[in-house]
Amino acid sequence: MVSTVTTSLTDVASSDTALRAFLHGLPGVDRVGADQRAAMLGTRSIKTTAKARAIDLAISMVDLTTLEGADTAGKVRAMCTKAVRPGGGAPKVAAVCVYPDLVPVAVEALGGAGVKVASVATAFPSGRSSLEVKVGETAAAVAAGADEIDMVIDRGAFLSGRYLKVYEEIVAVKAACGAAHLKVILETGELATYDNVRRASWLAMLAGADFIKTSTGKVSPAATPPVTLIMLEAVRDFRDATGRQVGVKPAGGIRTTKDAIKNLVLVNETAGDDWLTPEWFRLGASSLLNDLLMQRQKLATGRYAGPDYFTLD
């Protein structure tokens with residue numbers, strides 16, 4: 001695919017016209033092929049020893065998330081305790097993800113335990129606010145201790161072809177992040193076509209995203225296997241073209257161990273094992289962790305524990 005890109009990446013955002021030409025010059029996605037490949041990879045079986053390793057790897061990639069209007073400081077503290085010590089000797093998760101006003105609570109609760117604090121920003125989940133508000137919210141979350149920012153793109157601007165506006169907003173938010181990593185949420189369920197998913201992925205990466213993320217979890221469909229496949233192809237091709245590696249975070253609708261392992265297979269078979277670490281691949285979820293822990297206990301003891309044996313995330 002990279003060989004078909006004729007526009008210089010250094011000039012691609014020089015104007016709205018140039019950016020549109022580049023994005024619409026990307027090869028189209030074979031929808032049937034993407035659906036079939038994702039379905040085929042989803043049937044791969046994993047032996048018991050490999051499954052045990054895959055479960056622990058998936059746990060270490062989880063961004064344990066609570067993004068509800070009823071969130072409280074107590075709920076966030078409990079979630080942070082579980083993030084560090086999920087139970088049964090399982091590894092700690094990659095990050096906790098909370099609203100900006102709860103970042104200080106998470107930072108204090110984690111106390112340098114090695115779990116990142118991620119915060120949604122930029123008028124999550126709609127992305128409909130001024131650039132000043134988006135940058136200010138981002139800067140405030142980083143100042144409060146957030147290690148990572150999950151921003152949402154303006155889907156209205158993207159779908160109406162105002163690509164440069166979306167690009168410039170990502171650039172501005174990335175600058176406001178400072179040393180914090182930026183995950184750019186595409187909200188793929190609203191992008192309508194696989195071609196748009198590929199274009200939005202490249203747009204976010206060109207603007208400086210450290211991760212591209214499927215969804216807010218508030219829109220359905222969210223992290224479908226074909227969409228994740230397309231985004232993994234995009235980061236693979238982007239690294240081939242630029243030498244810069246970008247992470248991928250599917251989020252929304254990933255609830256079971258089977259879902260998690262399907263995602264790991266997608267990563268390995270599409271982008272490669274360079275992405276099979278929490279540094280480059282995350283699973284955004286609120287209920288997934290408990291199922292991973294139940295399956296982990298089943299492999300270790302031969303018996304399932306009921307959901308009542310695990311705290312609610």
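Residues numbered from 1 in each chain as written. Predicted model: local features only at pLDDT ≥ 70, side-chain atom pairs only at ≥ 80, totals over all residues. Heavy atoms only, no water.

*Asks:* Help me understand the nonpolar core in this model?
*Replies:* In summary, soluble globular proteins display a tendency toward joint burial of nonpolar side chains. Counting 91 residues, the largest nonpolar core has V96, I170 and V184 as its most contacted members. Setting aside anything within four residues of it in sequence, one finds V184 in contact with M151, I153, I170, A204, A209, F211, I212 and K213. Listed in part, the seven residues of the second largest apolar core include C97, V120, F124 and V152. (Core = buried A, V, L, I, M, F, W, Y, C linked by side-chain atoms within 4.5 Å. Buried < 20%, exposed > 50% of the residue type's maximum accessible area, 1.4 Å probe, protein only. Contact = heavy atoms within 4.5 Å.)

*Asks:* How should I be thinking about the pairing of strand 1 (residues 62–65) in this particular structure?
*Replies:* The alternating pattern of strand 1 places V62 and L64 on one face and D63 and T65 on the opposite face, and all of these are buried. As paired strands, strand 1 and strand 8 (residues 283–285) are joined by three bridges and run parallel to one another. Of the residues in strand 8, the one forming a bridge with L64 is A285. You can see the chain leave strand 1, run along helix 4 (residues 73–84) and come back into strand 2 (residues 95–98), and the turn it takes is right-handed. (Helix = DSSP H or I, 4+ residues; strand = E, 2+ residues; numbered from the N terminus. Pairing = 2+ DSSP bridges. Right-handed = clockwise from strand over helix to strand, strands pointing away.)

*Asks:* Looking at this structure, I do not really get the sheet that holds strand 6 (residues 211–213). What am I missing?
*Replies:* Remark on secondary structure: sheet strands pair via backbone hydrogen bonds, oriented parallel or antiparallel. Taken together, eight strands build an open sheet; the order of strands is 7-6-5-4-3-2-1-8 and the sheet is parallel. In the strand order of this sheet, the two ends are held by strand 7 (247–249) and strand 8, each with one partner. If you compare each strand with its neighbour and ignore which way they point, the axes differ by 25° on average. Bridge count between strand 1 and strand 2: three bridges; the pairing is parallel. Following the sheet pairing, D63 is matched in strand 2 by A95. Contacting strand 6 and strand 7, helix 10 (residues 225–242) crosses the sheet at an angle of about 170° to strand 7. (Axes fitted to C-alpha atoms, helices over the stretch in contact; angles between N-to-C directions.)

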